[in-house]
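# Results of the structural survey
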Amino acid sequence: MSSTARNASKQNIFKSMQDIDMTSREVSHQCGVTMNDSVEARAIAEFMEENNPSVTVTYNPATIRIDGEGKLIFKMDEITEYLGRDMTAEIFEVNTSTHYGRMVRVDDNTVILFGDMNEVMEYI
C-alpha cells in the first residue's frame, strides 16, 4: 500500500512484520475484497463504509480495499439503489480483483465474505 493511499484513508489494518508474533496461534477473523477502482467499486466502498461502522476502506491508486471483521454482506439491491443503476452479483464479481476469507454467493442478490470459516459451514 502506498503511503499516499494510507495517509488518505488514515487507516492501516496491517501490522508491520516486526510486530507479528509468528509463535502465536491466534486466528484472524478478518475478510475483505480488493476491487479495481471504478464507479461501481467506489459506490460499493462508500455504501459499505456508510452502513457498516466496522468496515475499513482503503483507496489505493488503482484499487479499493474493503476490509471487515467476521463477515461482510453485500446486498446487490441496496447497492443498486445507492449507485443509481443495476448492480448484480456478476458485475460485483467482475469488479473484484481478489478477496480473502470465504466468498459465498447466497443468491442472485447476496454475496457474503466470511472471516470465520466455521460460520460458512451452513452454506457448503
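Please refer to the structure placed before this passage.
Residues numbered from 1 in each chain as written. Predicted model: local features only at pLDDT ≥ 70, side-chain atom pairs only at ≥ 80, totals over all residues. Heavy atoms only, no water.

## A look at the packing of aromatic side chains
We apply this condition: We call Phe, Tyr and Trp rings a pair once their centres come within 6.5 Å, taking the six-membered ring for Trp, and we label the pair stacked below 30 degrees between planes, edge-to-face above 60, and tilted otherwise. For the purposes of this entry, the term helix denotes a DSSP run of H or I that reaches at least four residues, the term strand denotes a run of E that reaches at least two, and both are numbered from the N terminus. We call a residue buried when its accessible area falls under 20% of the maximum for its residue type, exposed when it is over 50%, and partly exposed in between, using a 1.4 Å probe and counting protein chains only.
Applying the stated criterion across every chain, the model contains 3 aromatic pairs. With a centroid separation of 4.7 Å and 45 degrees between ring planes, the pair formed by Phe74 and Phe92 is classed as tilted. One end of the pair, Phe74, is in strand β4 (residues 71-75); the other, Phe92, is in helix α4 (residues 89-95), and 18 residues separate them in sequence. Pair check on accessibility: Phe74 and Phe92 agree, each one buried.

## Overview of the side chain of Thr110
As a reminder of what qualifies: Counting of polar contacts relies on pairs of N or O atoms within 3.5 Å, with two restrictions inside protein: one atom must be capable of donating a hydrogen and the other of accepting it, and residues adjacent in sequence are counted only when both atoms are side-chain atoms. Should any heavy atoms of two residues lie within 4.5 Å, those residues are considered in contact.
Its place among the elements puts Thr110 in strand β7 (residues 110-114). Residue classification places Thr110 among the buried residues on the basis of a relative accessible area of 5%. A polar contact is formed between the side chain of Thr110 and the side chain of Lys75, at a distance of 3.4 Å. Ignoring sequence-local partners within four residues, the contact set of Thr110 consists of Ile73, Phe74, Lys75, Val104 and Arg105.

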